[in-house]
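Next come the chains, spelled out residue by residue.
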Amino acid sequence: MRVSLTCHILAASAAQGGDNTIKAVVTKLREMLAKNDKQHDEERTKYAKFKCYCDQNTEEKTQEIADSAQVLAETNANLDRLRASNGEKSSEKAEMERELEATITAIKQAVELRQKQHKEYLADQAYLASSIGQLEDAIEILAAVGADQTAGASADHKAAMAEDATAEAKAFLKKKEGLVELRDDVRQALQAASAFLQSSDRKKIVAFLADLGAGDTYSSAAGEIVGILKNMLDTFKENKASNAYAEKKAVEAHGDFLALKKKTKGILEEGISDRDSVLGTNSDSISSDMQTITSTAQKKAEDESFLADLTEQCAEKSKQFDLRKKLHAEEAAAISKAISVLNSDDAFDTFGAVAASKDKQGGGGGGKSFVQLQEVTLHRADAAVEAQTRAAVAASLHSVARARRSLTLARIATAVQEGGAIGVVIEQIEKVLTQIDKEGEMDASKDAFCTKEQTDNNAELDTKNGEIDDLNDQKGKLKGDIEKLQTVIDDTNTDIHQFKEAMANEKESRKTDHQDYNKEMKELTAASDLIDKAIKILDKFFSKVGTTTEAPALLQSKAGGHRAREDPAPPQTFGDAKDFAGQSEEGKAVLKLLADIKAENDLEALKETDEEEDAQVEFEKFMTDTAEDMKRAQEQVADAEAMMANKQEQLAEIGRASC
């Protein structure tokens, strides 16, 4: 452990020569304090240049962004106007296209309807013409045969065919015969015409046709039928003329309608073409404006991105500078405070009293002194054999002490193990050996007495049974036994007194050792507290150095793409608190050195505590074992006193028997 710690000391205090470890730490801290001031001055100069860069570029980018915003506002306004015009023209075009489609559909439907109507007109006219011809034939036939006469067909025939009949009569008869021949045609004509008659007239026609079917050549209703047919003929002619007039008007109206629709179609087609032209022109303008907006927006975005990054970086750099100022101040305060803790008068006295923080010149020597590497190497080489020898002797003494339950031997073993003087240890061992011999003699005497007592008792029993004459000899013998028992009692009481004295001495020695332990622990604790206080002061600062949020990257465009010009790069300054490493390595080295010193100090305290606990265990074991030995001695005294009382009673009985 000493070699390891010395390596740290040599690394930190090579230039100090004979200075002790704490002084080397203080010297290093003072060097760090001077370096802190120099670094702070350099960072102040760098930040001033960076601040100038921030102010200039912020002003320029702000103006460029405002100019781009104005261009975008004007172009967007024009773009809105063009889009509104396009929306209006597109709506008009769509409406015209719907109207054009409706117009074309109307023309098509009108042509188809006119063709259908004309076809129907031709069919109606043909029908009317045919019906008129049939009606005229029927009327002519009926009129020609004299449908108003009532003579029978057979009488007329006979009269007409007479040889002396006149030529006129023959002609009349011939016409009448023609009526019969045309009966079928008349019937068809009347049947066709009946569809146009009223119900009453239709019945009359039907009745007349029935008469014709019966072969009658004359009917009283023929005249009425002729009248009906004439009315019908007039109606058909009127209908035919009316249809012709309506057809003429329909043709004229159809021509006017087509002319109007074609004119409308031309107007709509021209309007659609005009709006297509406007939409095309607007689209070109919109495309141009969109390109302007895209390029301007990209430039504005790049400028805004640069300005945002610049603002963020400038603000961050300002925070970093303020933080670094604070860190420099905190570092200076921490170092100064640590120096004041480690370099005070109280610290000097405290560190001078403990092994881990003093060198051989200022620490007072001893096995626990903190020495340089060469001297430690020699110490370790000489101490190896001695330590091995002491360990073997101590182990042997501990074994004997446990076997004999001797606290004295245990203390001697501990003294050997801890490096006590050999002469003193040997003297103590000789005293113990003398005491052991004495105790051995006492034990042999007690064993012999007990054996003899048993033999004597047996002999006495035999004597009482058969040798009454030996009472006087027994009396003398009893007196001798009583004297021996008294000697045993006195010697055992002496042992009990020695046990009590040994317990009292051990208790006093334990008390003194515990007081020495408390004193040394107080000194070790005080030294550890001072070192720990300095460590906390330095660690509170150096543990947070380099742990703050990282600074943003160098300014660059976030919009991507090609930039019109490169923005100016910021001047080199300093990093964030994470880069504040100017003193961190030195600080951590000092903390490591202090931690090693504290660890050595704490190890010494732990060793002292272990030794104190072991000593307390040995003390309690000795007190318990001695108390048990004393109890057994007291029991031996009680047994001897009882035996002596018995002997005295026997002696009294012999005396009474002698009397």
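All values reported here derive from a predicted model rather than from experimental measurement.

Q: Would you take a moment to explain the overall build of the protein chain for this structure?
A: A count of helices and strands for the protein chain gives 13 helices and 0 strands. Traced from its N-terminal end to its C-terminal end, the protein chain shows the element sequence α-α-α-α-α-α-α-α-α-α-α-α-α. Expressed as a percentage of its 659 residues, the buried residues of the protein chain come to 34%. Restricting the contact set of the protein chain to residue pairs at least 6 apart, pairs at least 24 apart contribute 87%. Accessible area for the protein chain stands at about 38,500 Å²; split by element, carbon and sulfur atoms hold 53% of it.

Q: Would you explain the pattern of salt bridges in this entry?
A: Any two side chains of opposite charge can pair, given that their charged atoms come close. Throughout the structure, instances matching the rule amount to 29 salt bridges. The partner of Lys299 in a salt bridge is Glu64, with the nearest N and O atoms 3.6 Å apart. In this pair, Lys299 sits in helix α7 (residues 222–342) while Glu64 sits in helix α2 (residues 21–144), placing the two residues 235 residues apart along the sequence. One connected set of salt bridges, linked through shared partners, spans Lys61, Glu64, Lys299 and Asp303.

Q: Please clarify how the state of the cysteines should be interpreted in this entry.
A: Should the sulfur atoms of two cysteines be covalently bonded, the bond is a disulfide. Per the counting criterion, the structure on display carries 1 disulfide. Shown here is the disulfide that connects Cys54 with Cys314, its sulfur atoms set 2.0 Å apart. Its torsion about the S-S bond being -100°, the disulfide of Cys54 and Cys314 is classed as left-handed. Residue Cys54 is found in helix α2, and its partner Cys314 is found in helix α7; the two are separated by 260 residues along the sequence.

Q: For this particular structure, what's the right way to read the nonpolar core?
A: Generally speaking, soluble globular proteins have nonpolar side chains that are buried together. Of all hydrophobic cores here, the largest spans 28 residues; its most connected members are Val25, Leu29, Leu342, Phe351, Leu538, Val590 and Leu594. Elements with a minimum of two residues in this core: α2, α7, α8 (345–352), α12 (471–542) and α13 (584–658). If sequence neighbours within four positions are ignored, Val25 has contacts with Leu342, Val590, Leu593 and Leu594. Grouped together as the second largest cluster of nonpolar side chains are 16 residues, Ile489, Ile496, Phe619 and Phe622 included.

Q: Explain the packing of aromatic side chains to me, please; I cannot follow it from the model alone.
A: How two aromatic rings sit relative to each other is set out by the distance from centre to centre and by the angle between their planes. Scanning all chains against the criterion turns up 2 aromatic pairs. Between Tyr47 and Phe321 the ring centres are 4.4 Å apart and the planes differ by 5°, which places this aromatic pair in the stacked class. Of this pair, Tyr47 sits in helix α2 while Phe321 is found in helix α7, placing the two residues 274 residues apart along the sequence. For Tyr47, a relative accessible area of 14% translates into the label buried. Ring plane angle 45° and centroid distance 5.9 Å describe the contact between Phe50 and Tyr53, whose orientation is recorded as tilted. Separated by 3 residues within a single helix, Phe50 and Tyr53 lie in helix α2, roughly one turn from each other. For the pair Phe50 and Tyr53, a shared accessibility class is recorded, and that class is buried. Across the ring face of Phe306, the terminal group of Lys61 is positioned such that the distance to the ring centre comes to 5.2 Å.

Q: Please clarify how the environment of Arg510 should be interpreted in this entry.
A: Positionally, Arg510 belongs in helix α12. Along the primary structure Arg510 and Glu612 are separated by 102 residues, whereas in three dimensions their C-alpha atoms are 9.6 Å apart.

Q: Looking at this model, I keep getting lost on the environment of Glu520. Mind explaining?
A: In this structure, Glu520 sits in helix α12. The spatial distance from the C-alpha of Glu520 to the C-alpha of Glu608 is 8.3 Å, given a sequence separation of 88 residues.

Q: What am I meant to see in the confidence of the model for the protein chain here?
A: Atomic detail in the predicted coordinates should be set aside for any region of low pLDDT. Per-residue pLDDT for the protein chain has a mean of 74; in total, 63% of the residues score no lower than 70. In the predicted structure, residues 547–562 sits below a pLDDT of 50 and forms 35 contacts with residues beyond four places in sequence or in another chain.

Q: What exactly am I supposed to notice about the environment of Ala334 here?
A: Along the chain, Ala334 falls in helix α7. In this structure the C-alpha to C-alpha distance between Ala334 and Asp539, which are 205 residues apart in sequence, comes to 8.8 Å. Leaving out residues up to four positions away in the same chain, Ala334 has contacts with Ile537, Leu538 and Phe541.

Rules and cut-offs
Residues numbered from 1 in each chain as written. Predicted model: local features only at pLDDT ≥ 70, side-chain atom pairs only at ≥ 80, totals over all residues. Heavy atoms only, no water. Helix = DSSP H or I, 4+ residues; strand = E, 2+ residues; numbered from the N terminus. Buried < 20%, exposed > 50% of the residue type's maximum accessible area, 1.4 Å probe, protein only. Contact = heavy atoms within 4.5 Å. Areas by Shrake-Rupley, 256 points an atom, 1.4 Å probe, with all protein chains shown as cover. Salt bridge = Lys/Arg side-chain N within 4 Å of Asp/Glu carboxyl O. Disulfide = S-S within 2.5 Å. Core = buried A, V, L, I, M, F, W, Y, C linked by side-chain atoms within 4.5 Å. Phe/Tyr/Trp six-rings, centres within 6.5 Å; stacked < 30°, edge-to-face > 60°. Lys NZ or Arg CZ within 6 Å of the ring centre and 35° of its normal. pLDDT = per-residue confidence, 0-100.

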